[in-house]
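Analysis of the macromolecular model
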Amino acid sequence: MHNSHEHEHEFKIPLGPQHPALKEPESFSIALKGEKILGVDIRLGYNHRGIEKACEERTFLQDVYLLERICGICSHSHSTAYVQAVEEIAGLAVPPRALYIRTLIGELERVHSHFLWLGVAGHEIGFDTLLMYTWRDREIVMDLLAQLTGNRVNYGINTIGGVRRDIAPEQGKDILAGVATLEERTKYYIQIATEETTIIKRLSGVGIISKEDALRLGAVGPTARASGVDRDIRREDPYAAYAELDFDVITDDHCDVYGRTVVRLKELMESFKIIRQIVARIPDGPIAVRAPRKIPAGEAFSRYEAPRGEDVHYVKSNGGEKPERVKVRAPTLANVQTVKHMLKDRFLADMPIVVAAIDPCFSCTDRMVGIRRLDGEKKEILGWESLRSFSLGWHRARGFDVTIAEKRLHQLMEH
Amino acid sequence: MSCEEDIRQNTIRQFDFLKDFFKVIRPRRLSAEVARDRFSEVFDFLVHQEKFNILCTITGTDEGDDLGFIYHLAREGGITLNLKTRAPKSDPVIRTITAVFPGAEIYEREIVDLFGAKVQGLRKGNRYPLTDDWPADEHPLRKDWKPANGSGGEM
């Protein structure tokens, strides 16, 4: 089977399958020749929990809470996408104040998610100082979310017809103070990411996907925008309060991990801008309208720009108190298909950052890598940590050193 | 005339049988229903002529004796079209759209697993999202499938 010389050096590496953060955990089977990736095969579905079926067994209102638990990072994205669809079917006029509160929580969620990502990205390239700083800063936004909603995750702010908690004027002050600090910090990170040659070198040209391929494969969110795809549901198909808010859609033409980093960092600045406008302009009035228990027969398709990209929900009602059908497509399912192209003909040592760069909700600890020779003689099992250490060592041997960037970041933060 | 109404007019000019089946639901939301044997030509027209070059996802539905398929197509500017077709459960065959949207592969596999559709022309590959040992004749999102009688165990 593998009698030629070439094949003696070809390896197959299973990476995964456990990745329980989301609806779409993933398992990569990587064909390797030396250090070069020949091809990647992806198997998904290990954490399929039957949520769509479960939604049909529960009431429209219960489903808000179930769907919110699809993902702990972008829970608000899912509950908003869902309630929007139900409200459209029921013909509910959601009060403007509720739409502003939804938008506010949505942007705070984006901020915490992008800070989380920045830390993970730093960690995967051995820049743990960045991880420590960004995750410390992230606590500011986590505290704000807890103060506003009562929860650090799964906020439970949405209900069909509006939101469940109002915002007091003094909370507006806390939000502005938190945002001011986070904005200062984000400026430092933008400076580090765009000026430090080590960071630029390490991330540039890694995980490339062209604009054509990103469009062809249906990439969404920052993954698509970093390949020059000027698309953002907040602007194109405005929901909640976005039509009344002023913000820019950030794109970049680098088409690599560096571009994805820049896009997310600049998106943070836009989120701060949006949050300030909300605090300044939030209209007075009620925060919810009463929703009927039975939703009239009908259907609606709802799109939402989650931190990772477009999240879509389709809801169909048969006139009862339980939905006939709820369909969810989370952004990672669209983006994970681009990873194959990003990895092909690249080095194994770039795998951690390339996979991390689509931001596939990295809260899992169960990833295993088994390295096996195709002739089946040797078997070696590597955890994600070992793969990361291999990646760090591999790049260090080629002169990649983050200590200069680390020193610079320390200096900036001490000011 | 609105852009949505333009799209509707252009489409029914090309396919007059869609006259009563192509609707503007609200700004940025269109819905069309097409028979399985005319699906491909309508789909190609909408994608290539009317520039619906984004596939959000594909939804499967259980319509009693039929399976329903909704292709959620979008174009720049936020206009979204739910393009629907059906196939009888006794012959649940549809054609793949992966030649136009390679990213559709995973959405088509989902319909195969969860609804028992057969997708002609879909390349061989890993199933999604059910496990490898899930019985081939059990499709959990069909209305007659209940956790108790399925192999899925308790929900």
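For every chain, the first residue of the written sequence is number 1, and numbering continues from 1 along that sequence. Each chain gets a letter, beginning with A, and each ligand a number, beginning with 1, in the order they are written. The predicted nature of this model means local features are confined to residues of pLDDT at least 70 and side-chain atom pairs, given and counted, to a pLDDT of 80 or more, with totals for whole chains, interfaces and linings taken over all residues.

1. What about the overall build of chain B?
For helices the rule is a DSSP run of H or I covering at least 4 residues; for strands it is a run of E covering at least 2, with both sets numbered from the N terminus onward. Check the secondary structure of chain B and you find three helices and seven strands. The order of helices and strands in chain B, counted from the N terminus, is α-β-β-α-β-β-β-β-α-β. A principal-axis box enclosing the C-alpha atoms of chain B has dimensions of 55 × 30 × 25 Å. Here the contacts in chain B between residues at least 6 apart in sequence split such that 44% fall between residues at least 24 apart. Here contacts are defined at the residue level, using C-beta atoms placed from the backbone and a cut-off of 7 Å between them.

2. Looking at the UniProt feature "binding site: Ni(2+)" (unreviewed entry) in chain A
Residues and elements named next belong to chain A. UniProt positions are given in the numbering used here, feature names are shortened, and annotations may be inferred rather than shown by experiment. Listed under "binding site: Ni(2+)" (unreviewed entry) in the UniProt record, and renumbered for this structure, are Cys-71, Cys-74 and Cys-361. For Cys-74, the position within the fold is in the loop between helix H2 (60–68) and helix H3 (75–90). Exposure classes come from backbone-placed C-beta atoms, where a residue is buried if 20 or more other C-beta atoms lie within 10 Å of its own, exposed if 12 or fewer do, and partly exposed in between. A tally of 30 C-beta atoms within 10 Å means that Cys-74 is categorised as buried. The contact partners of Cys-74, leaving out residues within four places of it in the chain, are Glu-109, Ser-113, Ala-306, Pro-307 and Arg-308.

3. What to know about the interface of chain B and chain A
With 25 residues of chain B in contact, the opposing surface of chain A contributes 25 residues. No other element matches strand E3 (residues 54–63) of chain B, which puts five residues into the side of chain B that touches chain A. Under the grouping applied here, Gly and all other residues not named as nonpolar or charged are polar, the nonpolar ones being Ala, Val, Leu, Ile, Met, Phe, Trp, Tyr, Cys and Pro and the charged ones Asp, Glu, Lys and Arg. A class-by-class count of the residues in the side of chain B that touches chain A yields 12 nonpolar, 11 polar and two charged.

4. Topic: the environment of Phe-17 of chain B
Residue and element names in this part refer to chain B. Checked against the element boundaries, Phe-17 lands in the loop between helix H1 (3–14) and strand E1 (22–26). Accessibility expressed as a C-beta count within 10 Å gives 12 for Phe-17, which makes it exposed. Along the chain, Phe-17 and Ala-35 lie 18 residues apart, while their C-alpha atoms are 9.8 Å from each other.

5. Thoughts on the environment of Ile-89 of chain A
Examined against the element boundaries, Ile-89 of chain A turns out to sit in helix H3. In this structure the C-alpha to C-alpha distance between Ile-89 of chain A and Thr-59 of chain A, which are 30 residues apart in sequence, comes to 15 Å.

6. Focus on the UniProt feature "domain: NADH:ubiquinone oxidoreductase 30kDa subunit" (unreviewed entry) in chain B
Under the feature "domain: NADH:ubiquinone oxidoreductase 30kDa subunit" (unreviewed entry), the UniProt entry names residues 33–146 of chain B. Its end C-alpha atoms 29 Å apart, residues 33–146 of chain B is made of 22% helix and 31% strand.

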